[in-house]
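Structural characterization, general
Chain by chain, the residues:
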Amino acid sequence: MPKLNKFRVRLETGNNGTEEPVRVSFNNHLLPLEDLSGGTQSGETLEGGYDVNSMCHSMTLVGPDNGKWALKKIIVDFECENTPPYSVEFPAVELDESTEVDIWKDPPLATFDV
């Protein structure tokens, strides 16, 4: 399990937007995204991140407390200790007050010739 230094997300909203703040559950602690740009209304893209500097056991994008939020695409950029930065893209999903989507992926395994 690697130490996650920081992450940045790009969230492309589909037809159903939300006005609520975007929250990530990191190791079961709710974090608001920082350094935000863009928006979460229909057709908008929001970017934000967080410097966590901690081991990552779990990381989910939390749905809004009210209504539904349709996401066309989720892209997460990770910077972990002792590994090159990497990005992961997730498919479309719809979130509400009872749903979260797992956005944590371990770093790719090192490759080498034998």
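In what follows, the structure referred to is the one given above.
Structure report, in brief. (Residues numbered from 1 in each chain as written. Predicted model: local features only at pLDDT ≥ 70, side-chain atom pairs only at ≥ 80, totals over all residues. Heavy atoms only, no water.)

With that settled, consider the overall build of the protein chain. From N to C terminus, the protein chain includes 0 helices and 10 strands. Going residue by residue from the N terminus, the α and β elements of the protein chain occur as β-β-β-β-β-β-β-β-β-β. With the C-alpha coordinates of the protein chain rotated into their principal frame, the extents come out at 50 × 30 × 25 Å. Taking the intrachain contacts of the protein chain between residues at least 6 apart in sequence as the baseline, contacts between residues at least 24 apart amount to 70%. Accessible surface, the protein chain: about 6,700 Å² in total, of which carbon and sulfur atoms supply 47%. Across the protein chain, the mean location of the 9 positive side-chain charges is 3 Å away from that of the 20 negative side-chain charges. (Helix = DSSP H or I, 4+ residues; strand = E, 2+ residues; numbered from the N terminus. Contact = heavy atoms within 4.5 Å. Areas by Shrake-Rupley, 256 points an atom, 1.4 Å probe, with all protein chains shown as cover. Lys, Arg positive; Asp, Glu negative; His and termini not counted. Charge placed at Lys NZ, Arg CZ, Asp CG, Glu CD.)

To continue, consider the sheet that holds strand E3 (residues 29–32). Read from one edge of the open sheet, 4 strands run E3-E2-E6-E10, paired in antiparallel fashion. Both edges of this open sheet fall to E3 and strand E10 (100–102), since each of them pairs with a single strand only. With strand direction ignored, the average angle separating the axes of adjacent strands in the sheet is 30 degrees. Bridging between strand E2 (residues 23–26) and E3 involves 4 bridges; their strand directions are antiparallel. Along E3, the bridge assignment pairs Phe26 with His29. (Pairing = 2+ DSSP bridges. Axes fitted to C-alpha atoms, helices over the stretch in contact; angles between N-to-C directions.)

Attention now goes to unusual backbone geometry. Backbone geometry places Asn28, a non-glycine residue, at a positive phi of 65 degrees. Examined against the element boundaries, Asn28 turns out to sit in the loop between E2 and E3. In this structure, Asp35 is a non-glycine residue whose phi angle is positive, near 50 degrees. Relative to the assigned elements, Asp35 resides in strand E4 (residues 34–38). Accessibility expressed as a relative area gives 63% for Asp35, which makes it exposed. (Buried < 20%, exposed > 50% of the residue type's maximum accessible area, 1.4 Å probe, protein only.)

A few words now on the pattern of salt bridges. It is possible for side chains bearing opposite charge to pair when their charged atoms get close. Under the defined criterion, the tally for this structure stands at 7 salt bridges. Arg8 is paired through a salt bridge with Glu47; the nearest N and O atoms lie 4.0 Å apart. Of the two residues, Arg8 is situated in strand E1 (residues 3–13) and Glu47 in strand E5 (residues 45–55); the sequence distance between them amounts to 39 residues. The class for Glu47 is partly exposed, based on a relative accessible area of 27%. Put simply, Lys68 and Glu94 hold a salt bridge, and the shortest N to O gap is 4.0 Å. Of this pair, Lys68 sits in the loop between strand E6 (59–62) and strand E7 (69–80) while Glu94 sits in strand E9 (residues 93–95), and the two are 26 residues apart along the sequence. Each of the salt bridges in this network shares a partner with another, and the network as a whole consists of Lys68, Glu94 and Asp96. (Salt bridge = Lys/Arg side-chain N within 4 Å of Asp/Glu carboxyl O.)

Taken as a whole and assessed by the stated rule, the structure comprises 2 aromatic pairs. Pairing Phe78 with Trp104 gives two aromatic rings, centres 5.2 Å apart and planes at 85 degrees, and the pair type is edge-to-face. One end of the pair, Phe78, is in strand E7; the other, Trp104, is in the segment after E10, with 26 residues separating them in the sequence. Trp104 shares its class with Phe78; the two are buried. Put simply, the rings of Phe78, Tyr86 and Trp104 touch in pairs and so form one group of aromatic residues. (Phe/Tyr/Trp six-rings, centres within 6.5 Å; stacked < 30°, edge-to-face > 60°.)

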